[in-house]
Amino acid sequence: MTTAERFRAAVDRRDPTALDDLFTDDVRFHSPVKFSPFEGKPMVLGLFGVLLRTFQDFRYIGHHTGNAETADGTESPSAVLLFRAVVGGKQIHGIDLLHFHEDGRIKEFTVMVRPQSAVRALGEAVLDGLIADGLVPAPADR
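Below you will find a few notes about this structure. Each chain has its residues counted from 1, running along the sequence as written. Local features in a predicted model are, by the rule used here, given only for residues with pLDDT of at least 70; side-chain atom pairs are given and counted only at 80 or more, and totals for whole chains, interfaces and linings are based on all residues. Side-chain measures were taken over the full set of non-hydrogen atoms in the model, leaving aside hydrogen atoms and water.

Observations concerning the pairing of strand 4 (residues 75-87)
The two faces of the sheet receive side chains in turn, since in a regular strand these alternate between them.
Logical step 1: At least two DSSP bridges between two strands are required for those strands to pair. Think of it this way: any DSSP run of H or I at least four residues long counts as a helix, any run of E at least two long counts as a strand, and we number them from the N terminus. The pairing of strand 3 (residues 56-69) with strand 4 spans 11 bridges and is classified as antiparallel. Within the sheet, the bridge partner assigned to histidine 63 lies in strand 4 and is leucine 81.
Logical step 2: Following strand 3, the chain reverses through five residues before pairing antiparallel with strand 4; glycine 73 in that reversal takes a positive phi of roughly 90 degrees.
Logical step 3: Relative to strand 5 (residues 90-100), strand 4 runs antiparallel, the two sharing 10 bridges. By the bridge assignment for strand 5, valine 86 is matched with glutamine 91.
Logical step 4: Between strand 4 and strand 5, which pair antiparallel in sequence order, lie two residues; one of them, glycine 88, sits at a positive phi of approximately 55 degrees.

Concerning unusual backbone geometry
Logical step 1: A cis geometry characterises the amide bond from arginine 114 onward to proline 115, with omega recorded as -5 degrees.
Logical step 2: For proline 115, the location among the structural elements is in the loop between strand 6 (106-114) and helix 3 (116-132).
Logical step 3: Backbone geometry places arginine 14, a non-glycine residue, at a positive phi of 55 degrees.
Logical step 4: Considering the arrangement of structural elements, one finds arginine 14 in the loop between helix 1 (3-12) and strand 1 (23-30).
Logical step 5: Of note, aspartate 57 is a non-glycine position whose phi angle comes to about 50 degrees, a positive value.
Logical step 6: Locating aspartate 57 in the fold gives a position in strand 3.

Observations regarding the pattern of salt bridges
Side-chain pairs of opposite charge can arise whenever the charged atoms involved come near each other.
Logical step 1: We define a salt bridge as a side-chain nitrogen of Lys or Arg found within 4 Å of a carboxyl oxygen belonging to Asp or Glu. Using the criterion set out here, one finds six salt bridges in the structure.
Logical step 2: Salt-bridge contacts for lysine 41 lead to aspartate 20; the nearest nitrogen and oxygen are separated by 3.8 Å. One end of the pair, lysine 41, is in helix 2 (residues 41-54); the other, aspartate 20, is in the loop between helix 1 and strand 1, and 21 residues separate them in sequence.
Logical step 3: A simple rule labels every residue: compare its accessible area, found with a 1.4 Å probe on the protein chains alone, to the largest value its type can have, and call it buried under 20%, exposed over 50%, or partly exposed in between. When its relative accessible area of 13% is taken as the criterion, lysine 41 is described as buried.
Logical step 4: With its nearest N and O atoms 3.5 Å apart, the salt bridge here joins lysine 41 to aspartate 25. Placement of lysine 41 in helix 2 and of aspartate 25 in strand 1 is noted, with a sequence separation of 16 residues between them.
Logical step 5: Each of Asp20, Asp25 and Lys41 takes part in a single network of salt bridges with overlapping partners.

Focus on the packing of helix 2 against helix 3
Between two packed helices, both the angle of their axes relative to each other and the distance between the axes serve to describe the pair.
Logical step 1: Note on method: axes are straight lines fitted to C-alpha atoms, helices fitted across the in-contact stretch only, with angles between N-to-C directions ranging 0 to 180 degrees. Where helix 2 contacts helix 3, the axes come no closer than 9 Å and their chain directions differ by 125 degrees. Relative to helix 3, the element helix 2 is oriented oblique. Crossing handedness for the pair helix 2 and helix 3: right-handed. Contacts between helix 2 and helix 3 involve Leu47, Val50, Leu51, Arg53 and Thr54 from the former and Leu122, Ala125, Val126, Gly129 and Leu130 from the latter.
Logical step 2: Residue classes in the contact of helix 2 with helix 3 are distributed as seven nonpolar, two polar and one charged. Here roughly perpendicular refers to angles of 65 to 115 degrees, roughly parallel to angles under 35, roughly antiparallel to angles over 145, and oblique to all remaining angles. Handedness of each helix crossing follows the sense of rotation of the near helix against the far helix: counterclockwise by less than a right angle gives left-handed, clockwise gives right-handed. In this analysis, two residues are considered to be in contact whenever any of their non-hydrogen atoms come within 4.5 Å of each other. Throughout this entry, Asp, Glu, Lys and Arg are counted as charged residues, while Ala, Val, Leu, Ile, Met, Phe, Trp, Tyr, Cys and Pro are counted as nonpolar. The remaining residues, Gly among them, count as polar.

What to know about the environment of phenylalanine 100
Logical step 1: Considering the arrangement of structural elements, one finds phenylalanine 100 in strand 5.
Logical step 2: Sequence separation between phenylalanine 100 and threonine 70 is 30 residues, and the spatial gap between their C-alpha atoms is 9.6 Å.

Description of the sheet that holds strand 3
Logical step 1: If you walk across this open sheet you meet the six strands as 2-1-6-5-4-3, and the pairing is mixed. Lying at the two open borders of the sheet, with one neighbouring strand each, are strand 2 (38-39) and strand 3.
Logical step 2: Sheet topology note: the strand 5/strand 6 ladder contains eight bridges and is antiparallel. Each residue of the ladder has a partner; that of leucine 97, found in strand 6, is threonine 110.
Logical step 3: Against the sheet, helix 1 contacts strand 1, strand 3, strand 4, strand 5 and strand 6, and its axis sits at roughly 165 degrees relative to strand 3.
Logical step 4: Strands strand 1, strand 2, strand 3, strand 4 and strand 6 of the sheet are contacted by helix 2, whose axis makes an angle of about 55 degrees with strand 1.

Here you go:
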């Protein structure tokens, strides 16, 4: 079973503990609602805990593999997983772009979603989850 297939199975089971062996220690997660990436396995695993609670009716609907350039300009084996979900009553259509380290683990993860109204709903729900889990401080204006 490939890393992408193992990742997809863990998400389908909503099992964040199964993700631990799939990420490099220095994994970077590029969010559709935050400019700078989430970095490091502890933060990314915490984020996935929030995401798995936030998405409703999450399902992967397609899968493509190949090679792609990472944020640092290097090319690596990659997989694109297409998904649909609901957040805050908003339908989301998106992709997970996974870049793999030479050892097969995920070293970079990028999520892209549409439409804009769903991006906003997702951003708010994830921020609330990150604050509730103590992964980020609450903004001063809250």
